[in-house]
Amino acid sequence: SDMEGLKKRLGGKTQIWAGLGCIALGLYVLEAQLPNPIPVAGVKLGLSNIVSIYTLFAYGPWAALGVLLTRVLLGSLFAGQLISLAYSLAGGLLSLAAMLILRQVLTLRQIWVASVLGGIFHNIGQILIAMLLTATPRLIYYLPVLIAAGMLAGLFTGLCAQFLLQHMKKLPPG
């Protein structure tokens, strides 16, 4: 039947996407436990974004959204920081939207460019949420620091994701 065919086609992909979501979640939780090498408030490397970027370029926007939501929702619960849910969701969705636009025109050798833009937009989303939640418009003055940090983190995670994509291409289905 049509339903059986659909289940077969999605079965392998769903398992791969779930696995990628688990890897991203594991990296998120691991990074939360490590001392931050960058002693600036709100700045971290974002290792789990390597998985999100890989997923976006290898499997497309819906899979990347699933990985992002898995990481953000479960990561906030596991880390015990529900307030981080708003920050992570705003930053993650804005970052994904920015990278999605560039995905249409970049080659596998330019993924890092999308990631740099994603890092910038991630931090813009987070500063906007911080301004909203704290009713402190002056936080906008912190944006240049966050943009620079987002560019550097985006470059690192983008190069890692680009390396993965170039060397793994795509995980085999099912």
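In short, a report on the structure. A quick note: this is a predicted structure, and the numbers were derived from the prediction, not measured. (Residues numbered from 1 in each chain as written. Predicted model: local features only at pLDDT ≥ 70, side-chain atom pairs only at ≥ 80, totals over all residues. Heavy atoms only, no water.)

## Focus: the overall build of the chain
Phase 1 of the analysis: Per the secondary structure count, the chain includes 6 helices and 0 strands.
Phase 2 of the analysis: Element order for the chain, N to C, with α for helix and β for strand: α-α-α-α-α-α.
Phase 3 of the analysis: Among the 174 residues that make up the chain, the fraction classed as buried is 39%.
Phase 4 of the analysis: Across the chain, the fraction of contacts at a sequence separation of at least 24, relative to all contacts at a separation of at least 6, is 73%.
Phase 5 of the analysis: Total accessible area on the chain is roughly 9800 Å²; 73% of this is exposed by carbon and sulfur atoms. (Helix = DSSP H or I, 4+ residues; strand = E, 2+ residues; numbered from the N terminus. Buried < 20%, exposed > 50% of the residue type's maximum accessible area, 1.4 Å probe, protein only. Contact = heavy atoms within 4.5 Å. Areas by Shrake-Rupley, 256 points an atom, 1.4 Å probe, with all protein chains shown as cover.)

## Some remarks on the packing of helix H4 (residues 83–103) against helix H5 (residues 111–134)
Phase 1 of the analysis: Where H4 meets H5, the closest approach of the two axes is 7 Å, and the angle between their N-to-C directions is 145°. As for how H4 packs across H5, the hand of that crossing is right-handed.
Phase 2 of the analysis: Here the residues of the contact of H4 with H5 are counted per class, giving 16 nonpolar, 10 polar and no charged. (Axes fitted to C-alpha atoms, helices over the stretch in contact; angles between N-to-C directions. Left-handed = near helix turned anticlockwise from the far one by under 90°. Nonpolar A, V, L, I, M, F, W, Y, C, P; charged D, E, K, R; others polar.)

## Thoughts on the side chain of Gln162
Phase 1 of the analysis: Following the sequence through the fold, Gln162 ends up in helix H6 (residues 143–168).
Phase 2 of the analysis: By relative accessible area, which is 9% here, Gln162 ends up buried.
Phase 3 of the analysis: A polar side-chain atom of Gln162 sits 3.3 Å from the main-chain carbonyl oxygen of Arg109.
Phase 4 of the analysis: Apart from the residues within four sequence positions on either side, Gln162 is in contact with Leu108, Arg109, Gln110, Ile111 and Trp112. (Polar contact = N/O pair within 3.5 Å; in protein donor to acceptor, adjacent residues only side chain to side chain.)

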